[in-house]
Amino acid sequence: MIRIPFGYPMIGENERNAVLDVLQGATLVHGPKATEFEQAFAQFTAAPYAVSVSSCTAGMHLVYFSLGYGPGDEVIVPAQTHIATAHAVELTGARPVFVDAEPESGNIDIDQIEAMITSRTRAIAVVHYLGVPVDMPAVVEIARRHNLFLLEDCALSLGAKVDGIHTGLHGDVGVFSFYPVKHITTAEGGMIILRDGELAAKLKLKKAFGVDRTHGERKVPGVYDTVTLGFNYRMSEIHAAIGIEQVKKLPGFLAQRAKNHQALSEALTDVPRLRVLPAPMNRLLSSHYCLSVVLGDDLAPLRPEILTALAERGIGASVYYPQPVPRMTYYREKYGYEASRFPHAARISDASIALPVGPHLNTNDMVEIASNLKDIIKGEY
Ligand SMILES: *Cc1c(COP(=O)(O)O)cnc(C)c1O
């Protein structure tokens, strides 16, 4: 039995009532809840525009699709990320060009970006790995100099800031996920934040079939036109109603995450053969998605046994992410995999363990995680 799960949705009475309220009415899509959630999210992040979508993956695909990317185009993508960061590019027919991680944070190695830019490059994507923000001014400078679009995959970085500005607002767009284990959840869902009103309008059009009038705007039923190609990537009123309640709780969630992370990292500082990935709280402000430890060379081959032992003791650990994306079968078979290009992403994939710090847990749980982990690896040296 897992007593300390890696993630657990913090759904309470407010969320349940909000969902029931929506279900009492007749408006399940195209209603006020999605708009209200967008406004609340824009207020929390201080974003000029927010566009709700059905998932982070849908949001990233919608952005690239709306920009007209296709075969022959390239987007620079971190090797150490969720498969969705690359799939969103690949789905348009464009090619993701992978860049290794920096060993300290696991974030994209900014120094290697420029060498990967070609005449085909259209955009740079970054992911704020485990909620530790990428040092954005340096990436913004490269993107500007080469006239490239800049997408921030913010699926793990809700609450994370660079120089006091929320992640997602440094580049051209930031895309968030509300999958159950993320900082807040709507079961499935996503949000795009941006400063460009024209692009925001385009995204809204293309997330709903390219139809030029929403239901509310149709004075005469059936009178609307389709001006462009589009998807159905909308968020329903049911999902949005949950999101509105979750945003209200977000400051509390973030405070508990920071507290848990600090407690766990203190409890693990003196453990040999473990390196705790740092979670800065300075000009780079982490959102503390989890606490990741990288096992030393002698322990790394024992990771499966360590993960199993943790589970047997009721602790749900995870691995972020189990493979550098270019090593995943789909990408390896399509583009080939040069191991020598991704040593740091591979090291983190193969030797790290992600420990939970979510708001479903408290500092006593952190003490328990640390003492169990120490106990398990003690037998190994
Ligand atoms: C979870 C995650 C995604 C996918 O989010 P969905 O909302 O499930 O599409 C994308 N990128 C990163 C970095 C993630 O962790």
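As the structure is a prediction and not an experimental result, all values here were calculated from the model.

**Concerning the overall build of the protein**
Part 1: Looking only at helices and strands, the protein has 11 helices and 13 strands in total.
Part 2: The C-alpha atoms of the protein give 21 Å as radius of gyration, which agrees with the globular expectation for 381 residues (21 Å, within 12%).
Part 3: Each principal axis of the C-alpha atoms in the protein carries an extent, and together these give about 75 × 55 × 35 Å.
Part 4: Taking contacts inside the protein between residues at least 6 apart in sequence as the whole, the part at least 24 apart equals 71%.
Part 5: Accessible surface for the protein amounts to roughly 16100 Å². Of this, 53% is attributable to carbon and sulfur atoms.

**Some remarks on unusual backbone geometry**
Part 1: Following Y320, the chain continues into Y321 via a peptide bond in cis, with omega recorded as -10 degrees.
Part 2: Its location among the elements puts Y321 in the loop between α8 (303–312) and α9 (329–335).
Part 3: The phi dihedral of A46 falls on the positive side, at around 60 degrees, and the residue is not glycine.
Part 4: Looking at where A46 falls in the secondary structure, it is placed in the loop between α2 (32–45) and β1 (49–53).
Part 5: A positive phi angle, close to 70 degrees, is found at F209, a residue other than glycine.
Part 6: Assignment of secondary structure puts F209 in the loop between α6 (197–206) and α7 (237–267).

**Focus on the domain arrangement of the protein**
Part 1: The domain boundaries assigned to the protein delineate domain 1 (13–246) and domain 2 (251–378).
Part 2: With 43 residues of domain 1 at the contact, the number on the domain 2 side is 35 residues.
Part 3: Buried surface at the junction of domain 1 and domain 2, both sides included, amounts to about 3300 Å², of which 59% is carbon and sulfur.
Part 4: Summed over the shared surface of domain 1 and domain 2, the result is four salt bridges.
Part 5: Close ionic contact of E90 with K334 constitutes a salt bridge, the shortest N to O distance being 2.5 Å.
Part 6: Viewed at the interface, domain 2 and domain 1 are joined by 22 residue pairs in polar contact (both at pLDDT 80 or more).
Part 7: Going through the elements one at a time, α4 (83–90), β3 (95–99) and β6 (161–162) are the ones with two or more residues in the side of domain 1 that touches domain 2.
Part 8: Here the residues of the side of domain 1 that touches domain 2 are counted per class, giving 23 nonpolar, 11 polar and nine charged.

**What to know about the state of the cysteines**
Part 1: Under the definition given, this model contains zero disulfides.
Part 2: C154 takes part in no disulfide bond, and the closest cysteine sulfur to it belongs to C56, at a distance of 8.1 Å.
Part 3: Residue C290 stays outside any disulfide, its sulfur separated by 16 Å from that of C154, the closest cysteine.
Part 4: C290 sits in the buried class, given a relative accessible area of 4%.

**What to know about the sheet that holds strand β9 (residues 190–194)**
Part 1: Taken together, seven strands build an open sheet; the order of strands is β1-β9-β8-β5-β4-β2-β3 and the sheet is mixed. Only two strands of the sheet have a single partner each, and these edge strands are β1 and β3. Here the strands of the sheet are splayed against their neighbours by 25 degrees on average, with no regard to which way each runs.
Part 2: In the sheet, strand β2 (residues 74–78) pairs with strand β4 (residues 121–127) via three bridges, with the strands oriented parallel. Across the sheet, residue E74 finds its bridge partner in β4, namely T121.

**Details of a nonpolar patch on the surface**
Part 1: Taken together, the side chains of L20, L23, L28 and V29 make up a nonpolar region of the molecular surface, amounting to roughly 320 Å² of accessible area.
Part 2: Mapped onto the secondary structure, L20 falls in helix α1 (residues 13–24).

**Describing the site of the ligand**
Part 1: Taken together, 14 residues form the shell around the ligand, and within it T57, D153, S177, K182 and Y321 come nearest.
Part 2: Here C56 contributes a backbone N or O atom positioned 3.0 Å from an oxygen atom of the ligand.
Part 3: Between an oxygen atom of the ligand and a side-chain N or O atom of K182, the distance comes to 3.0 Å.
Part 4: Burial of the ligand by the surrounding chains reaches 94%, relative to a free accessible area of 390 Å².

The rules behind these values
Residues numbered from 1 in each chain as written. Predicted model: local features only at pLDDT ≥ 70, side-chain atom pairs only at ≥ 80, totals over all residues. Heavy atoms only, no water. Helix = DSSP H or I, 4+ residues; strand = E, 2+ residues; numbered from the N terminus. Rg over C-alpha atoms; globule rule 2.2 N^0.38 Å. Contact = heavy atoms within 4.5 Å. Areas by Shrake-Rupley, 256 points an atom, 1.4 Å probe, with all protein chains shown as cover. Domains from an automatic or database assignment. Buried area = accessible area lost by both parts, 1.4 Å probe. Salt bridge = Lys/Arg side-chain N within 4 Å of Asp/Glu carboxyl O. Polar contact = N/O pair within 3.5 Å; in protein donor to acceptor, adjacent residues only side chain to side chain. Nonpolar A, V, L, I, M, F, W, Y, C, P; charged D, E, K, R; others polar. Disulfide = S-S within 2.5 Å. Buried < 20%, exposed > 50% of the residue type's maximum accessible area, 1.4 Å probe, protein only. Pairing = 2+ DSSP bridges. Axes fitted to C-alpha atoms, helices over the stretch in contact; angles between N-to-C directions. Patch = residues over 30% accessible without salt bridge, like charges linked within 9 Å, V, L, I, M, F, W, Y side chains within 5 Å. Near = heavy atom within 4 Å.

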